[in-house]
Amino acid sequence: MLPLKPPVPKKNVKNIKLVNFPIFDENGEILDPNAWPKYQGIFNGRVIIINDLNDKSRLCNLGCFGQFGIIDKDKFIDYKTLQNQVLRQKKNWQAMELVPFEFPNNNQNYEDKKNTRTKFQKPHDANKPTYNNWKDLKSSRSTEYEQLLILSGVQHELSYFLLLEEAFFLCYTLECLEMRKENGSLMSVVECWKQFNGLKKNFPYYYAAYHYYRSKGWVVKPGQQYGGDYVLYKSSPTYYHSSYVVVISANGQNSELLPSWPSWYGCGRAIEAASKDLLICTVLGPEYEEEMLIDLSQYTINDIIVRRWVPSQNRKKP
């Protein structure tokens, strides 16, 4: 077996005692079963939103569950994706160039400035609209205006939400999360199982892998930014960089993220450049069928570490 790399701590990190799950108190002792915590989540059809401030704090600090993002009816945007969108939008802001107002002290100064600007300015395109204030931009370019509001945080506030695997782990395994629909009705574990399988293809395989790594003490987060399904952190993303990028293979089939060898090779190079290891997690078990019961004992997990073989580095010395 390949030697495991030690996790890389982040800079200026102190030795802090961390709690793995939100069923323990701050001292690491399990809570009294009579006072078992029950966190409240709202299922909006895509993710589970946490509204209570105390629930957000405990779920984030005791186990690193959930993340912040922008939620609307059609899509949700996590914080890292939002940052990338900000960078892309900044490149397009020239298309939304505004002509600023000028408030001259007297008419003579205003005429001088106007003539000087006209002399050295490029001729104005009559077909290109000019906007003198935000009201013009709002009425004429509503899409760009809404994007600016989203990026500035005015139109949409950041929400704290749980992914499907996180919510089901808290609800089914730890029994510390109550999920309700937007109309307020309580969702049972069986109903959550059916809903989540309808939303995400091969959900039993993804959840079995999530449950497996969480049970081993890893903090599991989405790994799309590295081309994988999950990334694994030791203890907390606040104090450590992620160590592994996990790609899920359901019953030995090729992952949808990496359907061909060129994509595998590119993913491996990108992960290696980020000082991480690629972990192939093969989940064997039955596919989901309607009225299927929840039984994780039917699923077997095998994982292997894949590293790029470099001849100059791995050639045997004479």
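Residues numbered from 1 in each chain as written. Predicted model: local features only at pLDDT ≥ 70, side-chain atom pairs only at ≥ 80, totals over all residues. Heavy atoms only, no water.

Asks: Help me understand the packing of aromatic side chains in this model?
Replies: Aromatic ring pairs are described here by two measures, namely the spacing of the ring centres and the angle between the planes. Per the stated rule, a full pass over the model turns up 18 aromatic pairs. Geometrically, the ring pair formed by F68 and Y160 is edge-to-face, given 4.8 Å between the ring centres and 70 degrees between the ring planes. With F68 in strand β3 (residues 67–71) and Y160 in strand β5 (residues 158–162), this pair connects stretches of sequence that are 92 residues apart. According to the relative accessible area criterion, F68 is partly exposed, its value standing at 40%. Linked through ring pairs, F43, F168, Y172, W193, F196, F203, Y207 and Y288 together constitute an aromatic cluster. Between the NZ or CZ atom of K200 and the centre of the ring of Y206, over which it lies, the distance is 4.5 Å. A cation over a ring is seen here: R214 above F65, with NZ or CZ 3.9 Å from the ring centre. (Phe/Tyr/Trp six-rings, centres within 6.5 Å; stacked < 30°, edge-to-face > 60°. Helix = DSSP H or I, 4+ residues; strand = E, 2+ residues; numbered from the N terminus. Buried < 20%, exposed > 50% of the residue type's maximum accessible area, 1.4 Å probe, protein only. Lys NZ or Arg CZ within 6 Å of the ring centre and 35° of its normal.)

Asks: What's the story with the sheet that holds strand β8 (residues 230–234) in this structure? I'm lost.
Replies: The pairing of strands in a sheet happens through backbone hydrogen bonds and is either parallel or antiparallel. The strand order β7-β8-β9-β10-β11 describes an open sheet built from five strands, whose pairing is mixed. The open sheet has two edge strands, β7 (218–222) and β11 (300–306), and neither has a second partner. The mean angle between the axes of side-by-side strands here comes to 30 degrees, regardless of whether they run parallel or antiparallel. Bridge analysis of β8 against strand β9 (residues 244–250) gives three bridges, and the strand direction is antiparallel. By the bridge assignment, V231 is partnered in β9 with V245. Most of the contacts of helix α9 (residues 261–273) go to strand β10 (residues 277–284), to which it runs at about 130 degrees, and overall it touches β9 and β10. (Pairing = 2+ DSSP bridges. Axes fitted to C-alpha atoms, helices over the stretch in contact; angles between N-to-C directions. Contact = heavy atoms within 4.5 Å.)

Asks: Explanation requested: the pairing of β7 in the structure shown.
Replies: Sheet faces and side chains relate simply in a regular strand, where the side chains alternate between the two faces. Of all five residues in β7, four are buried; the element is thus mostly enclosed. The pairing of β7 with β8 spans five bridges and is antiparallel. Bridging across to β8, V220 finds its partner in L232.

Asks: Looking at this model, I keep getting lost on unusual backbone geometry. Mind explaining?
Replies: A negative phi angle is the norm for most residues apart from glycine, just as the trans form is the norm for most peptide bonds. Residue N202 is not a glycine yet carries a positive backbone phi of 60 degrees. Assignment of secondary structure puts N202 in the loop between α7 (189–199) and α8 (203–215). Overall, the relative accessible area of 26% leaves N202 in the partly exposed class. Of note in the backbone geometry, E291 takes a positive phi value of approximately 65 degrees without being a glycine. Taking the relative accessible area as the measure of exposure, E291 reaches 55% and is therefore exposed.

Asks: Is there a simple way to think about the packing of helix α6 (residues 164–173) against α8 in this case?
Replies: Packed helix pairs are specified by the crossing angle of their axes together with the interaxial distance, meaning the distance between the axes. Two elements in contact, α6 and α8, have axes separated by 10 Å at closest approach and are oriented at 70 degrees. The pairing of α6 with α8 is recorded here as roughly perpendicular in orientation. In this structure, α6 meets α8 at a crossing whose hand is right-handed. Along the contact surface, α6 presents L164, E165, E166, F168, F169, Y172 and T173, while α8 presents F203, Y206, Y207, Y210, H211 and R214. Split into classes, the residues belonging to the contact of α6 with α8 amount to eight nonpolar, two polar and three charged. (Parallel < 35°, antiparallel > 145°, perpendicular 65-115°, else oblique. Left-handed = near helix turned anticlockwise from the far one by under 90°. Nonpolar A, V, L, I, M, F, W, Y, C, P; charged D, E, K, R; others polar.)

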